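The chain contents come next:
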Amino acid sequence: MESVDKLREELLAAVEAAADLDALEQVRVAALGKKGRITDQMKGLGGLDPDRRREAGQALNALKDAVAEALDARKAAMEGAALDARLAEERIDVTLPARPEETGRIHPISQVIDEIVAVLGDMGFAIAEGPDVEDDWHNFTALNIPPDHPARQEHDTFYLPSADENDGEQGRMVLRTHTSPVQIRTMQAGPPPYRVIVPGRTYRCDYDATHSPMFHQVEGLLVDEKTHMGHLKGCLIDFCRAFFGMDDLPVRFRPSYFPFTEPSAEVDIGCTRAGGELKIGGGDWLEVLGAGMVNPNVLRNCGVDPDKYQGFAFGMGVERMAMLKYGVPDLRTFYESDLRWLRHYGFAALDVPTLTGGLNR
Ligand code: PHE
């Protein structure tokens, strides 16, 4: 048998001399592998007499442990050095400017809804929602729109088969023609007071430069015990001036008719039409909103006592507001998904509109 001391010296020297992890692995195999030198020596133990065997066995086991330990230590040192080298080499310069990335844009419809919600939210209105597929009762009847009203004609409206044939006329389903049915749903859901706005999609059988079969509205409803026409006027004058960012924007109320409001008004803002170009502000007039005091019949249809409660409602077209504020000439372009158009008319993604942050840029 080889001298254990000599073997130890030799193997530990080989461990120290290994230049990299591969070389170290070779040293391990040559010492501790199946045909390694220590393994060989172990196999030779069988031929010794018992006393010699015990002594040599202990010495070999100690050698085996020492070599394994040295291998581990050297391996850890090599790995540590490799990591240090990588860390030293792979530096990141955090002061480099970011590479310009393709950024998405907010669609003007979303932007304008956010702006309308920011102004009215600041006044204390909460957002309410309702389904796009409505029943005839919520969309028409409850809003005091009688069965023979022209708005119910097939060519104005998208009707759908009713869920249950036995429902009859009242249960007939329709793509809501305005956001006003959410007035009804809000009032049915609990007792007054109500102070909600309803941004959402609406549908009508129309298609030209200023109409599309799907468009967006924002409805408003405020019902309380002492609400009067003065509140309606103040609220909508403030709204128009804040939304268009013009403190002295002229706003006027023109008598009108809606079945669900009495009295009803159309709201006009000042504009100028010079050389075919429309500008906000000035002595000419442009209609932007429908409004009125909630018709007592509507309150009654929702179980609200009209002798105790009264309020106002209003509705506006989002596309129209967007076209006026941001100078979009053709309504149809809103839905063409043309990225060049969106890059021109769209808005920066994290630029959330608030009254304090400013709605106008
Ligand atoms: N729903 C009406 C429309 O779509 C707008 C409106 C809402 C008018 C509320 C008055 C009150 O034309």
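Residues numbered from 1 in each chain as written. Predicted model: local features only at pLDDT ≥ 70, side-chain atom pairs only at ≥ 80, totals over all residues. Heavy atoms only, no water.

Further remarks concern the overall build of the protein. On a plain count of helices and strands, the protein comes out with twelve helices and 13 strands. Relative to the compact-globule value of 21 Å for 361 residues, the protein shows a C-alpha radius of gyration of 40 Å, a clear excess of over 25%. Taken along the three principal axes of its C-alpha coordinates, the protein extends 120 × 55 × 40 Å. Here the protein holds 361 residues, and the buried ones make up 39% of them. Nonlocal contacts in the protein, meaning residues at least 24 apart in sequence, comprise 65% of its contacts between residues at least 6 apart. For the protein, the computed accessible surface area is about 20,200 Å², with 52% contributed by carbon and sulfur atoms. Computing the positive centroid from 39 side-chain charges and the negative centroid from 58, the protein places the two 5 Å apart. (Helix = DSSP H or I, 4+ residues; strand = E, 2+ residues; numbered from the N terminus. Rg over C-alpha atoms; globule rule 2.2 N^0.38 Å. Buried < 20%, exposed > 50% of the residue type's maximum accessible area, 1.4 Å probe, protein only. Contact = heavy atoms within 4.5 Å. Areas by Shrake-Rupley, 256 points an atom, 1.4 Å probe, with all protein chains shown as cover. Lys, Arg positive; Asp, Glu negative; His and termini not counted. Charge placed at Lys NZ, Arg CZ, Asp CG, Glu CD.)

Let's shift gears to the nonpolar core. By size, the foremost hydrophobic cluster in this structure holds 46 residues, and its most contacted members are Ile 116, Phe 239, Ile 269, Phe 314 and Met 316. By size, the runner-up hydrophobic cluster in this structure holds 23 residues, among which are Met 187, Val 298, Leu 299 and Tyr 309. (Core = buried A, V, L, I, M, F, W, Y, C linked by side-chain atoms within 4.5 Å.)

With that out of the way, let us pick up the pattern of salt bridges. Across all of its chains, the model carries 16 salt bridges by this definition. With a shortest N-O distance of 4.0 Å, Arg 185 and Asp 135 are connected by a salt bridge. Of the two residues, Arg 185 is situated in helix α8 (residues 181–189) and Asp 135 in strand β3 (residues 133–135); the sequence distance between them amounts to 50 residues. Here Arg 273 makes a salt bridge to Asp 284, at a shortest N to O gap of 2.9 Å. Separated by eleven residues along the polypeptide, Arg 273 in strand β9 (residues 261–274) and Asp 284 in strand β11 (residues 284–294) bring together distant segments of the chain. Through salt bridges with shared partners, one network takes in Arg 252, Arg 254, Glu 266 and Asp 268. (Salt bridge = Lys/Arg side-chain N within 4 Å of Asp/Glu carboxyl O.)

Right, let's get into the domain arrangement of the protein. When the parts of a complex come together, some accessible area is lost, and that lost area is often used as the size of the interface. Once the domains are mapped, the protein shows domain 1 (4–89) and domain 2 (108–345). Here domain 1 and domain 2 have C-alpha centroids that lie 85 Å from each other. (Domains from an automatic or database assignment.)

On to the site of the ligand, then. Residues in contact with the ligand amount to 14 residues; listed here are only the nearest, His 178, Ser 180, Arg 204, Gln 217 and Glu 219. His 178 has a polar side-chain atom sitting 3.1 Å from a nitrogen atom of the ligand. Interatomic distance of 2.9 Å between a side-chain N/O atom of Arg 204 and an oxygen atom of the ligand. Considering the ligand on its own, with 330 Å² of exposed area, one finds that the protein chains cover 89% of that surface. Among the elements that take part in the shell around the ligand, strand β12 (residues 310–317) stands out by supplying three residues, more than any other. Considered class by class, the residues forming the shell around the ligand number five nonpolar, seven polar and two charged. (Near = heavy atom within 4 Å. Polar contact = N/O pair within 3.5 Å; in protein donor to acceptor, adjacent residues only side chain to side chain. Nonpolar A, V, L, I, M, F, W, Y, C, P; charged D, E, K, R; others polar.)

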